[in-house]
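One-letter residues, chain by chain:
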Amino acid sequence: MRYSKLLIPTTREVPSDAEIPSHRLLVRAGYIRKVASGTYTYLVLGLRSLRKIMQIVREEMDAAGAQEILMPVVQPLELWDRTGRSADYGETLATFTDRHGRGNALSPTAEEVCTFLASQELKSYKQLPVNFYQIGTKVRDEFRPRFGVLRSREFIMKDAYSFHTTPECLDVTYRAMYDAYCRVFERCGIPYVIVEAESGEMGGSGSHQFTVPCENGEDVIVHTADGEYAANLEKAEVDPPLEPFDRGAAEVEEVHTPEVGSIEAVCGFLGTQPVEMIKTLVYKADEKIVICLIRGDHELNVEKLTQAAGGAHIEPADEATVREVTGAGIGFAGPIGMVDKVATMYVDPWVEGMCCGVSGANKTDYHVKNVVPGRDFPTEADNVTVIDIRNAVEGDTRGGKELLFHRGIEVGQVFKLGAKYSKKLDAYVDDESGASVPCIMGCYGIGINRILASAIEVGNDKDGCILPIAIAPFEVEVVALNTDSESVFSKAEQIYNDLQAAGVDVLIDDRQARPGVKFKDADLIGVPLRVVVGERGLAEGNVEIKRRTDDKPAGVPLDQAVERILEIVRELKAGDK
Ligand code: ATP
Ligand code: MG
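Since we're looking at a predicted model, the values are computed, not measured.

Cut-offs used in this document
Residues numbered from 1 in each chain as written. Chains lettered and ligands numbered in written order. Predicted model: local features only at pLDDT ≥ 70, side-chain atom pairs only at ≥ 80, totals over all residues. Heavy atoms only, no water. Helix = DSSP H or I, 4+ residues; strand = E, 2+ residues; numbered from the N terminus. Contact = heavy atoms within 4.5 Å. Lys, Arg positive; Asp, Glu negative; His and termini not counted. Charge placed at Lys NZ, Arg CZ, Asp CG, Glu CD. Donors = N, O, S within 2.8 Å, 3.2 Å for Na, K, Ca; no water. Buried < 20%, exposed > 50% of the residue type's maximum accessible area, 1.4 Å probe, protein only. Core = buried A, V, L, I, M, F, W, Y, C linked by side-chain atoms within 4.5 Å. Domains from an automatic or database assignment. Phe/Tyr/Trp six-rings, centres within 6.5 Å; stacked < 30°, edge-to-face > 60°. Lys NZ or Arg CZ within 6 Å of the ring centre and 35° of its normal.

Draft legend 1. Representation of the overall build of the chain within the structure. Assigned secondary structure in the chain consists of 16 helices and 32 strands. In terms of overall dimensions, the chain has a C-alpha envelope of 95 × 65 × 50 Å along the principal axes. Considering only contacts in the chain between residues 6 or more positions apart, those separated by 24 or more positions represent 70%. Across the chain, the mean location of the 64 positive side-chain charges is 6 Å away from that of the 91 negative side-chain charges.

Draft legend 2. Looking closely at the coordination of the magnesium ion (ligand 2). Every protein donor of the magnesium ion (ligand 2) is listed here as Glu410 (OE) and Gln413 (OE1), and their distances to the metal cover 2.0 to 2.2 Å. By relative accessible area, glutamine 413 is classed as buried at 9%.

Draft legend 3. Region of interest: the nonpolar core. If you look at the biggest cluster of nonpolar residues, it comprises 61 residues, and the most contacted ones within it are Tyr31, Phe185, Ile448 and Ile451. Counting residues per element, this core draws most heavily on helix α6 (residues 167–188), at 10 residues. Shared between two domains, this core takes at least three residues from each, and those domains are domain 1 (15–71 + 108–237 + 405–456) and domain 3 (474–573). Every residue in contact with phenylalanine 185, bar those within four places of it in the chain, is listed here: Ile190, Tyr192, Phe210, Val411, Gly412, Ile446 and Ile451. Counting 25 residues, the second largest nonpolar core, distinct from the first, contains Val476, Leu529, Ile545 and Val569.

Draft legend 4. Local environment of the packing of aromatic side chains. On inspection of all chains with the given rule, the structure shows 9 aromatic pairs. Residues tyrosine 174 and tyrosine 444 carry aromatic rings whose centres are separated by 6.5 Å and whose planes lie at 50 degrees to one another, so their mutual orientation is tilted. Of this pair, tyrosine 174 sits in helix α6 while tyrosine 444 is found in strand β25 (residues 440–447), placing the two residues 270 residues apart along the sequence. Each member of the pair, tyrosine 174 as well as tyrosine 444, is classed as buried. Three or more aromatic residues link up through ring pairs in this structure, and these residues are Tyr178, Tyr181, Phe185, Tyr192 and Phe210. Over the aromatic face of tyrosine 366 sits the side chain of lysine 363, whose NZ or CZ is 4.3 Å from the ring centroid. Seen from the ring of tyrosine 3, arginine 511 lies directly overhead, with NZ or CZ sitting 3.7 Å from the centre.

Okay, structure coming up:
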């Protein structure tokens, strides 16, 4: 394609909302333009890259035995109500009421619609297993769209849904998809790690996340140094305290702490440390009131709480409920006397293991000291569960091994869903014995736009993007330096035509522009291989070839240029840089 005929609006200007390199470079290199917060237009370069990623994904899905379909973005809200996920997604689910008064959701994912399809079309075990996939637009009204296309309100996802009669059969497809994902990311040329994950709003029993390690990622990967254990922060399990501490015998003592509600304020006021505090959090699990006790220096992990509560929808109790349950203002909740007032009290093992602590007194403006777990509130009772409900932190171990923390970008996730959706949406089939059984499901997502952004996040330098050849918008850029020189222009054209004939994806910079501008743009766009045809080189019978990652160009005789370019393209494609 000809540069002069395309809109590639490169710019030096950095968008004011661009916090990370991939966002800055996608805009500066003219891949995308912002329309509004979290929505973008993909220009020719951006779309070409997305298409290449989609093609790789499509080939690997087809090879893994999945069949491509296309489901609607506009979906009946009723399906989302039936699975309870309109509530789970909350405001992230974009909805509208149509002219006939019917509620609709804009698809953030498509378990509901695909399970509805299964309920209509799948009748017998003989039709299973089956795996449907689509590559299509998803909409999420993200609380905070940011980082350009990494977290946007509209994006392209490859989503797949598989249906089975047995967990063993699901295991086989799950593994096939897991392996296909590995091939997708390898072919796209991006580094990735696989971590155990929680299945979150999806429900279900097992999940893995594919994460690109990089410092600007929003996800936290937790792993042991030997790599034997790797999980995301939501999932990462931690060892309980080694031995219960000695219990102090001092009696509980009430202290006046006027208007001192937060952990920091209480610590400042009483001269205690957060590790000595018992944080008491009031939550709702499917409308039931529950209480969570975690140590003052720890954070509640909502995913772990969701699992502990059997997949219930979890949300913080509102202020009025907290007041009603504790009898005190916000910031003064404590565990003493609470067990009979709530459905369940979840106690983190690191609270159970405290010798004594400071907590709210369930009385406005008062705290209590010397609170001993097991003595002053029960740690063993029918509605008390001692369970890990906090985030892992530096210093934690798992299986005795120290846990290390890194950041990453989630690019894909696979889930074992079980029968949650099929039961709610009536996707039953007859099994071999003729009994009607709910389909066991798996689901599998990849963020197409995120692959592009994370490739740039890990591949860039001061001059611009450095993209793997498999997903770069063009494989080769021919730069015609002196466009007013007939011989330069015709030689550049010749190379361009020959490369095109050989099936190479090639861009020719045929603009009337200064060499410096052309070089800068070529580096910014990040085409993996640049070929420069200029008067000076031609005088010596040479053109210059430079990989985006080379420091200097190399001269190649004109008559060998095309052959040499094809060779380098092959090497780059084989990952042989
Ligand atoms: P996150 O935790 O980052 O919000 P998620 O776990 O909710 O993502 P999934 O429901 O697993 O996302 O969606 C599958 C894939 O879609 C993700 O792995 C990610 O690559 C992509 N994705 C999800 N949300 C967005 C978004 N707002 N913008 C771009 N891509 C997204
Ligand atoms: Mg996910």
